[in-house]
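Each chain is listed here by its residues.
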Amino acid sequence: MTYTTSAHAARPALISGVTNADLAATILRVSMGVLFLAHAWLKLVIFTPAGTAGFFESLGFPGFLAYLVIAAELGGGIALILGVWSRWVALALVPILLGTIYAPHGSAGFFFSNQGGGWEFPAFWAVALIVQALLGDGAYALKRAHA
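The model shown is predicted, which means the values in this text are computed figures rather than measured ones.

A. Seen up close, the side chain of R29. The residue R29 is located in helix α2 (residues 20-46) in this model. For the buried residue R29, which engages in no salt bridge, the nearest side chain bearing the opposite charge is D137, 5.6 Å off. In terms of polar contacts, R29 uses its side chain to reach the backbone carbonyl oxygen of A139, at 2.8 Å. What R29 contacts, discounting residues up to four positions off in sequence, is L80, I81, L82, G83, S86, Q132, D137, A139, Y140 and A141.

This is the structure we're talking about:
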């Protein structure tokens, strides 16, 4: 008997009828969706869309890109929470995180506790999005892809 077969036989699913992998994918999907909504809310309510556009311009990006990022964070967050096209949404959001590594966080060094916030958190978030794309929708998704 191998470790793999013995582990499956000895460890039941946390929730009946839902595999642990599906549950893990769901927790990852929903938590990242909430984080994206929080970042969209920050840009909409605290910084304002015009302020966010001005910040993007100060970094050398076109101002209209801020509105696209806000829309992607808002729409992507909702789609992830609901479990709609989770693989594709996760992959579509990766460039946003890579963009935050390029500017403004890249110049602040690696650690997110650095002045200006380093690129540690955006890099981890980008990897988590790739993991989500590999895992799939998980349980309780509105549009669950069946492989």
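We are not done yet, so read on.
B. Broad picture of a nonpolar patch on the surface. Residues W41, L44, V45, I46, F47, L74, I78, L82 and L142 make up a contiguous nonpolar surface patch of about 850 Å² in total accessible area. When residues of the nonpolar patch are traced back to their parent elements, those giving at least two are α2 and α4 (64-82). No other element matches the 4 residues that α2 contributes to the nonpolar patch. Within the secondary structure, L74 sits in helix α4. Take L74: its relative accessible area is 34%, and that puts it in the partly exposed class.

Thresholds, definitions, all that
Residues numbered from 1 in each chain as written. Predicted model: local features only at pLDDT ≥ 70, side-chain atom pairs only at ≥ 80, totals over all residues. Heavy atoms only, no water. Helix = DSSP H or I, 4+ residues; strand = E, 2+ residues; numbered from the N terminus. Buried < 20%, exposed > 50% of the residue type's maximum accessible area, 1.4 Å probe, protein only. Lys, Arg positive; Asp, Glu negative; His and termini not counted. Salt bridge = Lys/Arg side-chain N within 4 Å of Asp/Glu carboxyl O. Polar contact = N/O pair within 3.5 Å; in protein donor to acceptor, adjacent residues only side chain to side chain. Contact = heavy atoms within 4.5 Å. Patch = residues over 30% accessible without salt bridge, like charges linked within 9 Å, V, L, I, M, F, W, Y side chains within 5 Å. Areas by Shrake-Rupley, 256 points an atom, 1.4 Å probe, with all protein chains shown as cover.

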